[in-house]
Amino acid sequence: MKKKENTKKHEGTWVLLNKKRKVLYRSDNVADVFRKGQEYPHGTVIIEQRFEPGTCFF
Amino acid sequence: MPHSPLLKFNFTYDNRFGVPLIPITFLHKDGLQTQLLNNAILDSGAYEITIPKSLADMLGLELRPRSNPVHTAGGLTEGSTATINFLLGRGGRFVHYSNVDICVMKQCPAVLIGIRPLFEDYSVTIMAHQHRCILEPKE
């Protein structure tokens, strides 16, 4: 059986998603993701931050 | 800090991260809208909206020095002040805020939506057990 590749360690914190929530682009640099988002028609994509579950913000 | 008429919002959020999240759209200095940021953190522990410096630079915001350092949970850090326009909401229901002073920090782990202006304009109810936050315009 083919071992599933673990891609988690390569994930960026910020992601650009289409309406089906497919990741189009990801980066640890928030500005890069916002900049990439401008390449798409307005309202066709959204930006999210992927927090590690259990992350504490104070 | 002008804004368009306030709307009542009832935001549900993904609870994987355990903190209340709201949708916000920033505007570039030239007025161009960014894409929607779907999960800014609603943070009653923050005095004002706080964004990473890299985002402020990308938006073309003019940074001004702050008279005092920024107190964070991790200690004192340096920050700047900038003035920003943004839209609160999603799905065609938006409140447009103009000329809002915000905090800009180089080391900023997230986009934080603090007391000014949202908690001043809205009664905010966070229903963590339902992964929902309700923003009711103050009378």
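Now for a description of the structure that goes with this document. Model, not experiment: these values are computed from the prediction.

**Thoughts on the environment of Ile 134 of chain B**
Residues and elements named next belong to chain B.
Phase 1 of the analysis: Residue position: Ile 134 is located in strand β12 (residues 132-137).
Phase 2 of the analysis: Taking the C-alpha atoms as reference, Ile 134 lies 9.1 Å from Tyr 122; in sequence the two are 12 residues apart.
Phase 3 of the analysis: Excluding its chain neighbours within four sequence positions, the residues that come into contact with Ile 134 are Asn 10 and Thr 125.

**A word on the environment of Pro 52 of chain B**
Residue and element names in this part refer to chain B.
Phase 1 of the analysis: Mapping Pro 52 onto the fold places it in strand β4 (residues 50-52).
Phase 2 of the analysis: Judged by the 20 C-beta atoms lying within 10 Å of it, Pro 52 is buried.
Phase 3 of the analysis: A C-alpha to C-alpha distance of 5.6 Å links Pro 52 and Lys 106, two positions 54 residues apart in sequence.

**Examining the interface of chain B and chain A**
Phase 1 of the analysis: The interface of chain B with chain A comprises 21 residues on the first partner and 17 residues on the second.
Phase 2 of the analysis: Of the residues forming the side of chain B that touches chain A, the biggest block, five residues, is contributed by strand β3 (residues 36-42) of chain B.
Phase 3 of the analysis: Classifying every residue of the side of chain B that touches chain A gives 11 nonpolar, seven polar and three charged.
Phase 4 of the analysis: Pairing analysis gives two bridges linking strand β3 (residues 45-49) of chain A to β3 of chain B, with the strands arranged parallel. Each bridged residue has a counterpart across the sheet, and for Ile 46 of chain A the counterpart in β3 of chain B is Leu 36 of chain B.

Criteria and cut-off values
- Residues numbered from 1 in each chain as written.
- Chains lettered and ligands numbered in written order.
- Predicted model: local features only at pLDDT ≥ 70, side-chain atom pairs only at ≥ 80, totals over all residues.
- Helix = DSSP H or I, 4+ residues; strand = E, 2+ residues; numbered from the N terminus.
- Contact = placed C-beta atoms within 7 Å.
- Buried ≥ 20, exposed ≤ 12 C-beta atoms within 10 Å, placed from the backbone.
- Nonpolar A, V, L, I, M, F, W, Y, C, P; charged D, E, K, R; others polar.
- Pairing = 2+ DSSP bridges.

Read these as spatial facts, not as claims about activity.
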